[in-house]
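Working through the structure, step by step
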Amino acid sequence: ANTDFRKEASRRIGELEELVKRKENEYEQFTSNQNKIEQVRLAAVRDRQRLESRVKDMQRQNEQLQIELEAHSNDIHRVEQDMRLMRERLPLEGQEVLETALAA
């Protein structure tokens, strides 16, 4: 009876040791996966920050280009207005010569 008890206890201890090994392996895999997931999450955060920074840079660049475009548009309008005034001040024959030269 005593040997049966020892055999049963040894078998049970063996089963428990196997269970502990399986649980340790599961825990190691879980920890490894958790670390990989955290690395992916951090990479995603870095990518998002980089993209947000790029968006801000592009918005600033767009604003600057809009300002430059408006300035060029104003310059063109001013030159056109000056040309119109100069054309109106020319004598009639000078206007005809100017129109002919501009049409060519």
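Use the structure listed above.
Summary of the structure given here.

Reading the values: rules and limits
- Residues numbered from 1 in each chain as written.
- Predicted model: local features only at pLDDT ≥ 70, side-chain atom pairs only at ≥ 80, totals over all residues.
- Heavy atoms only, no water.
- Helix = DSSP H or I, 4+ residues; strand = E, 2+ residues; numbered from the N terminus.
- Rg over C-alpha atoms; globule rule 2.2 N^0.38 Å.
- Buried < 20%, exposed > 50% of the residue type's maximum accessible area, 1.4 Å probe, protein only.
- Patch = residues over 30% accessible without salt bridge, like charges linked within 9 Å, V, L, I, M, F, W, Y side chains within 5 Å.
- Areas by Shrake-Rupley, 256 points an atom, 1.4 Å probe, with all protein chains shown as cover.
- Salt bridge = Lys/Arg side-chain N within 4 Å of Asp/Glu carboxyl O.

**Considerations on the overall build of the chain**
- On a plain count of helices and strands, the chain comes out with two helices and zero strands.
- Expected size for 104 residues packed as a compact globule is a radius of gyration near 13 Å; at 42 Å, the chain overshoots this value by more than 25%.
- By its C-alpha atoms, the chain is 135 × 25 × 10 Å across when sized along the principal axes.
- When each of the 104 residues of the chain is scored for burial, the buried share is 0%.

**Comments concerning a nonpolar patch on the surface**
- A grouping of Val 79, Met 83 and Leu 102 is seen on the molecular surface, where their side chains present a nonpolar patch of about 260 Å² in accessible area.
- Mapped onto the elements, Leu 102 comes out in helix 2 (residues 92-103).

**A few points about the pattern of salt bridges**
- Taken as a whole and judged by the stated rule, the model has nine salt bridges.
- Among the ionic pairs, Glu 15 bridges to Arg 12, the shortest N-O distance being 3.2 Å. One end of the pair, Glu 15, and the other, Arg 12, are both in helix 1 (residues 2-89), three residues apart, so they sit about a helical turn from each other.
- Here Arg 12 falls in the partly exposed class, since its relative accessible area comes to 43%.
- Put simply, Arg 50 and Asp 47 hold a salt bridge, and the shortest N to O gap is 3.9 Å. Remark: Asp 47 and Arg 50 occur in helix 1; sequence separation between them is three residues, near one turn of the helix.
- In this structure, a network of salt bridges that share partners links the residues Glu 8, Arg 11, Arg 12 and Glu 15.

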